[in-house]
Amino acid sequence: MCVIVYSHNNKDTLEQLVKLLKSQDYPSSCYSVYVILDNCTDDSEVLLASELNINVFNIQNMDTVGKTQAYSVLVEKLSQVHGLDAFVFLDAKYYVRHDFLTDINFYLQKHAAISSYIEPIVTRKLSFVEKIRFVYEKYMTNFVEAMRAKMGLSNIINTNAFAIKKQLLDKVGYIAADGINTELKYTLDISSKGERIFSTPDLRAYSDFTNCTHRYPDLGKRFELFGTYIKQFDFRRFNHVELISSLIAPNWLAVILIYALLIYHTFHVYFIADFKTVLIQAVLLIIASFAGMLTANIKTKEIGYLFLYPGYTICRLVYNFPVFAWIRTVIKKASEPSTVEKMLVDVWVTDGKKNFPCKLELVSTSGLSSVTFINTKGKKYTTKNNHLRMTDALHELSNKLSEHGLMLKICQCCKYFQPNIDGSTNMVKGFCNYNFTDRVPGDVLQTLIWNTCEQYENLNVVSLFQSIGKK
């Protein structure tokens, strides 16, 4: 097995994880550990300098490439290693037990893809809202996901801690580790190959609750994937059909509303089933929920927090409702005067065959950067997050475009571009290293991040990793 650890400024947890991986009770000759330091600024490289049995790939002097690209490049580099059977991927924010790899080896004998349970560690007093989230995650992990696994159904892969056989990875052809939405699609693609994501409570990774994110796919993304994968319906493959159908499964709030409407309606008018049948089904559902609490080891004092989760969901929906989000934005702008700088530039976008002229609007608001992409039809997409550096905003946009099979042809993505790390906030400047025919030897050709030319050549990140490895 090849264990690949991804770290971006996780020095404290990385040190502990490396110690745990070195002390595994699995034979040391049967696994190797690779650590990717993705543009770390916390001296993680110094931490691993004396670790002779750890292979370190340190990405520096460029933007944070992200977990998906870092994994993909290293997997491509290691795929030619003789005798490699499986990959184990871990985020540096997580911890594992001394028998973690032994358990991985055991379950890989029967399953081609394994997703580890994530058990949060509470190291401080939780707030009221955090307690609601904590109990709900506990219920989902220990009951819902556990029961799906026992019934032979697939759970959504958690790319923070998972293992996959090399043979299956080669068959799928890629890795997606950019959040729950891409992980859901990755799970569906694995399922389409006739495999399922296996998970069991016996195989766990641990993380501070502060690092645990709310894992629930966007409703729009679920319906989009359902429309895409419904064409693959094959009722001879029950597991795959069930996984596709689960994309439109209602959540807690929807179930409560549906049963409330059915009970009210059937009490007055017969509708498919009578009032008594609907009421009995509702009672059975409630009993099953309580049984799930017992299975999930929900304590008596925690039951109240679990029942408050639907209310918490409603509050989140209201809080994120576009109208209220707009009101918050207006109030924030009114209370905090900001300095806005904008620049509209022409760029090229390619699908690998054709180039399309588009525009980028680079926006800096009180030192925070965002990018608006404008296509040939005038449609706009603005990055969801505000970044300290313009390069990070462009990286977010590049990831979004890549989901649609498109790529920005800008200097930052060109293999001849060398960023100029001068300490400025946006760091959009750099140098072009292409040897033009009329270029004077030793001449420094400055460029900006959004420029492009006919000599553009996509950045070969594999070569970058190889050069880093030699250093």
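For the structure, see preceding data.
The sections below set out a description of the structure shown in this document. (Residues numbered from 1 in each chain as written. Predicted model: local features only at pLDDT ≥ 70, side-chain atom pairs only at ≥ 80, totals over all residues. Heavy atoms only, no water.)

## A word on helix H11 (residues 275-295)
Then, in step 1: Taking 1.5 Å of rise per residue, the 21 residues of H11 would be expected to cover 30 Å, and the 30 Å separating its terminal C-alpha atoms lies within 8% of that figure.
Then, in step 2: Among the residues of H11, those classed as buried are Val 278, Ala 282, Gly 292 and Met 293. Projected down its long axis, H11 carries its buried residues within an arc of 105°, all on one side. Along H11, exposed side chains directed more than 90 degrees from the buried face belong to Lys 276, Leu 284, Ile 287 and Leu 294.
Then, in step 3: As for H11, its buried residues are in contact with helix H5 (128-150), helix H10 (252-268) and helix H12 (300-307).
Then, in step 4: Immediately downstream of H11, the backbone of Asn 297 shows phi near 60°, a positive value. (Helix = DSSP H or I, 4+ residues; strand = E, 2+ residues; numbered from the N terminus. Expected span 1.5 Å × (residues − 1). Buried < 20%, exposed > 50% of the residue type's maximum accessible area, 1.4 Å probe, protein only. Arc of directions from axis to C-beta. Contact = heavy atoms within 4.5 Å.)

## Observations concerning the pairing of strand E12 (residues 368-374)
Then, in step 1: Burial of E12 is extensive: six of the seven residues sit out of reach of the surface.
Then, in step 2: In this structure, strand E11 (residues 355-365) lies alongside E12, joined through seven bridges in antiparallel fashion. Counterpart to Lys 359 in the pairing with E12 is Ile 374.
Then, in step 3: Count of turn residues in the E11/E12 antiparallel hairpin: two residues, of which Ser 366 carries a positive phi of about 50°.
Then, in step 4: If you look at the hairpin formed by E12 and strand E13 (residues 380-382), you'll find five residues sitting between the two strands, and Gly 378 has a positive phi there, around 90°. (Pairing = 2+ DSSP bridges.)

## Examining the pattern of salt bridges
Then, in step 1: For the structure on display, the rule yields 13 salt bridges.
Then, in step 2: The closest approach of N and O atoms between Glu 242 and Arg 148, which form a salt bridge, is 3.0 Å. Of this pair, Glu 242 sits in helix H9 (residues 238-245) while Arg 148 sits in helix H5, and the two are 94 residues apart along the sequence.
Then, in step 3: The buried category is assigned to Glu 242, whose relative accessible area is 16%.
Then, in step 4: The salt bridge involving Lys 221 is made with Glu 224; its shortest N-O contact spans 3.8 Å. (Salt bridge = Lys/Arg side-chain N within 4 Å of Asp/Glu carboxyl O.)

## Let's talk about helix H15 (residues 390-402)
Then, in step 1: The terminal C-alpha atoms of H15, which comprises 13 residues, lie 18 Å apart, in line with the 18 Å expected from a rise of 1.5 Å per residue.
Then, in step 2: Most of H15 is tucked away: 10 of the 13 residues are buried.
Then, in step 3: Inspection of H15 places Met 390, Thr 391, Asp 392, Ala 393, Leu 394, His 395, Glu 396, Leu 397, Ser 398 and Leu 401 among the buried residues, and these make up the whole buried set.
Then, in step 4: Contact partners of the buried residues in H15: E11, E12, E13 and strand E14 (407-409).

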